[in-house]
Amino acid sequence: MKDKQLLMIPGPTPVPQSVLLAGAAPMINHRGPEFAEALEEVTEALKRVFQTRHDVFILTGSGTGGLEAAVVNALSPGDAVLSVSIGVFGDRFAAIAKAFGVKVEPLDFEWGTAADPEKIRARLAADNKKEIKAVMVTHNETSTGVTNDLAEIGPIVREHGALLLVDGISSLVAMDCQTDAWCLDLVVAGSQKAFMIPPGLVFIAINDRAWSAMEKASIPRFYWDLGQAKDYLARGQTPWTPAVPQVFQLRAALRILEAEGLQACFARHARQAGAVRAGVKALGLKMFAESSHASNAVTSIRKPDGVAVAALRKLLLDKYGVVLAGGQQTLKDEIFRIGHLGHVSESDIVATLGALGMALKELGGSVNPAAGVAATVEHLGGP
Ligand SMILES: *Cc1c(COP(=O)(O)O)cnc(C)c1O
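Positions within a chain are numbered from 1, following the residues in the order the chain's sequence is written. It should be noted that, the model being predicted, local features are given only for residues of pLDDT at least 70 and side-chain atom pairs only at 80 or more, the latter also being counted only at that level, while totals for whole chains, interfaces and linings use all residues. Excluding hydrogens and water, the side-chain figures rest on all heavy atoms present in the structure.

Regarding the domain arrangement of the protein
What counts as a domain boundary in this text is fixed by an automatic or database domain assignment. Domain boundaries in the protein define domain 1 (6-12 + 260-381) and domain 2 (19-243). The centre of domain 1, based on its C-alpha atoms, is set 28 Å off from the matching centre of domain 2. When checking whether two residues touch, look at their non-hydrogen atoms; a contact exists if any pair is within 4.5 Å. Counting residues at the interface gives 26 residues for domain 1, matched by 27 residues for domain 2. For the pair domain 1 and domain 2, the two sides together bury roughly 2,100 Å², of which 63% comes from carbon and sulfur. Per-residue buried area on domain 1 facing domain 2 is highest for F266, H293 and Q328; these three make up 24% of the total on that side. Salt bridge, as used here, is a side-chain nitrogen of Lys or Arg placed within 4 Å of a carboxyl oxygen of Asp or Glu. Across the contact surface, domain 1 and domain 2 share 0 salt bridges. Whenever a nitrogen or oxygen atom comes within 3.5 Å of another N or O atom, the pair is scored as a polar contact, on the condition that within protein one atom can donate a hydrogen and the other can accept it, and that pairs from neighbouring residues in sequence are kept only if both atoms are in side chains. Our count for the domain 1 to domain 2 interface comes out at 7 residue pairs in polar contact (both at pLDDT 80 or more). When two components associate, each loses some accessible surface as probed by a 1.4 Å sphere; the sum of these losses over both components is called the buried area.

Topic: the nonpolar core
To define a nonpolar core, start from buried Ala, Val, Leu, Ile, Met, Phe, Trp, Tyr and Cys residues and group those joined through side-chain atoms within 4.5 Å. The classification of residues rests on relative accessible area computed with a 1.4 Å probe and restricted to protein chains. Under 20% of the type maximum is buried, over 50% is exposed, and intermediate values are partly exposed. Core analysis: the largest hydrophobic core is formed by 63 residues, its most contacted members being F195, F203 and L250. If one sorts the elements of this core by residue count, helix α9 (residues 244-260) sits on top with 8 residues. Two domains each put at least three residues into this core: domain 1 (6-12 + 260-381) and domain 2 (19-243). Aside from chain neighbours lying at most four places away, what touches F203 is L46, F50, F57, I58, V187, V188, A189, G190, S191, F195, I197 and L250. The next biggest cluster of nonpolar side chains, apart from the first, holds 34 residues, and it includes V104, V202, M214 and L226. To qualify as a helix, a DSSP run of H or I must reach at least 4 residues; to qualify as a strand, a run of E must reach at least 2; elements of each kind are numbered from the N terminus.

Considerations on the pairing of strand β14 (residues 335-339)
The buried fraction of β14 is high, at 5 of 5 residues. By the alternation rule, side chains of β14 split into I335, R337 and G339 and F336 and I338, which are all buried. Pairing between strands is defined by DSSP: at least two bridges between the two strands are required. Bridge analysis of strand β13 (residues 325-326) against β14 gives 2 bridges, and the strand direction is antiparallel. Bridged to G326 within β14 is F336.

Concerning the side chain of T147
Among the secondary structure elements, T147 is positioned in strand β7 (residues 146-147). T147 gets classed as buried once you look at its relative accessible area, which sits at 14%. Once residues lying within four places of it in the same chain are set aside, the contact partners of T147 are A114, H139, N140, M175, H293, A294, S295 and N296.

Details of the site of the ligand
What surrounds the ligand is a group of 13 residues, the closest being S62, T64, T142, D167 and K193. With respect to the ligand, the side chain of T64 contributes an N or O atom lying 2.5 Å from an oxygen atom. Each accessible area is a Shrake-Rupley result for a 1.4 Å probe, and residues are judged covered by the shown protein chains and nothing else. Protein coverage of the free-state accessible area of the ligand, which is 380 Å², stands at 89%. Classifying every residue of the shell around the ligand gives 2 nonpolar, 8 polar and 3 charged. Proximity criterion: a residue is near a molecule or strand once any of its heavy atoms comes within 4 Å of it. Only Asp, Glu, Lys and Arg are considered charged in this grouping, and only Ala, Val, Leu, Ile, Met, Phe, Trp, Tyr, Cys and Pro are considered nonpolar; every other residue, Gly among them, is considered polar.

Things to note about the packing of aromatic side chains
Between the rings of Phe, Tyr and Trp (Trp by its six-membered ring), a pair exists once the centres lie within 6.5 Å; its type follows the angle of the planes, with under 30 degrees stacked, over 60 edge-to-face, and the other angles tilted. The full count for this structure, using the stated rule, is 5 aromatic pairs. Centroid distance F57 to W211: 6.0 Å. Interplanar angle 85 degrees. Geometry classified as edge-to-face. Taken together, the positions of F57 in strand β2 (residues 55-60) and W211 in helix α7 (residues 208-216) put the pair 154 residues apart, joining distant regions of the chain. Accessibility expressed as a relative area gives 2% for F57, which makes it buried. Three or more aromatic residues joined by ring pairs form one cluster here, namely F222, Y223, W224 and W240. Positioned above the aromatic ring of F89, the side-chain terminus of K193 is 5.6 Å from the ring centre. The cationic tip of R235 hangs over the ring face of Y232; the distance from NZ or CZ to the ring centre is 4.2 Å. A positively charged side chain is recorded as over a ring if its NZ (Lys) or CZ (Arg) lies within 6 Å of the ring centre. The angle to the ring normal must also be within 35 degrees.

Some remarks on the sheet that holds strand β8 (residues 163-167)
Reading across the sheet, the 7 strands line up as β2-β10-β9-β8-β5-β3-β4 and stay open at both edges, with mixed pairing between neighbours. Because the sheet does not close on itself, it has two edges, and the strands there are β2 and β4 (103-108). Here the strands of the sheet are splayed against their neighbours by 20 degrees on average, with no regard to which way each runs. Axis angles are defined between N-to-C directions and span 0 to 180 degrees, where every axis is a line fitted to C-alpha atoms and, for a helix, only to the segment in contact.

Focus: the packing of helix α3 (residues 63-74) against helix α4 (residues 88-99)
Contact geometry for α3 and α4: axes closest at 9 Å, N-to-C directions at 50 degrees. The angle between the axes of α3 and α4 places the two elements in the oblique class. In this structure, the crossing between α3 and α4 has a hand that is right-handed. Contacts from T64, L67, E68, A70 and V71 in α3 reach R92, F93, I96 and A97 in α4. The residue inventory of the contact of α3 with α4, partitioned by class, reads 6 nonpolar, 1 polar and 2 charged. We call two directions roughly parallel when the angle between them is under 35 degrees, roughly antiparallel when it is over 145, roughly perpendicular when it lies between 65 and 115, and oblique otherwise. Helix crossings fall into two classes, left-handed where the near helix is turned counterclockwise from the far one by less than a right angle and right-handed where it is turned clockwise.

Re helix α11 (residues 309-320)
Each residue after the first adds 1.5 Å to the expected span of a helix. Between the first and last C-alpha of α11 there are 16 Å, a value that for 12 residues agrees with the 16 Å anticipated at 1.5 Å per step. Every buried residue belonging to α11 is among V309, L312, L315 and L316, and all of these are buried. For α11, the angular spread of buried residues about the axis comes to 135 degrees, placing them on one side. Packed against the buried residues of α11 are β12 (322-323), β13, β14 and α12 (346-362). Once α11 finishes, G321 follows within two positions and takes phi at roughly 70 degrees, a positive value. Directions are taken from the helix axis to each C-beta atom, and the arc is the one they span.

See the structure below:
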């Protein structure tokens, strides 16, 4: 059934029908009063999502563009930064900084594990000349399904005085991210992850410390210049033509989110992630992420014995219409990933685990498909 798919990847994610339709509205003047009203509404709502009283900007681009915006606004060529990486996206953030001549010192942790805050503390404590200008970290590492402990890392970085730049692209909305309370100076999030809208927008929260860094930052910038974004926002505009349909969709999605409530939304993600993990374990599969830091947005699962990841994903797609993600880079054939962020329902989770069990059995795995569903259902019905 080609026209009926259950999209269970960590972005793009399913879009609610009302949000899809909001994107079909006629175009308006992006320098007119209706757009200004929409921009003001979504900007204020985004501040609640980021849990910040500082600035939030909406930029047109993919998540990676937002990471580039973070680098070019906050840093100068030759600046020393500590890049905390636990996977593909942490490495990408570092690669962007390197591309602009920033001196990147990697602090890498084994894929599947979270960053150890004590190692960050020790490295920063050794920097008694305060040469490290910024620390870059991924909140939720989508490639491995691991969530870093930002509540702990934030205050450690603040104590040293370096700027903390956060890739929160797949974490915002799916899990708690307290920008101000956790001392996060700049946070990037993307529209196609838990925000329930199509790709095309990126959101960036920036506080006063990041603004002061910006005044001195000397990497050339134009499209991503947040100073321009601030000037224009004061007039209810963006510097360049924004993705107008996605702004309408963002407004619709944020209204849905406000009706659900941010805390209820986090609790739903946690419950559904727990149900996925329970079902996967009951199928006899092994988790890739360390359980203490397993993500509530995406679950990474080791290649089942005797079953190729590509074959499993192909059967799930062709026969069951369930779309799962493979691994990235060195993890390509080693893991597969189930995205459960954004507009995902409990029945989507049950269906996914059911299809996964059936597909595994069909490919010769020694599994009891009903056990996966039973464990998932039990978890969802639990406290
Ligand atoms: C998806 C993702 C990105 C990249 O976003 P694009 O929109 O593909 O550019 C970066 N970091 C994380 C953590 C992501 O999940």
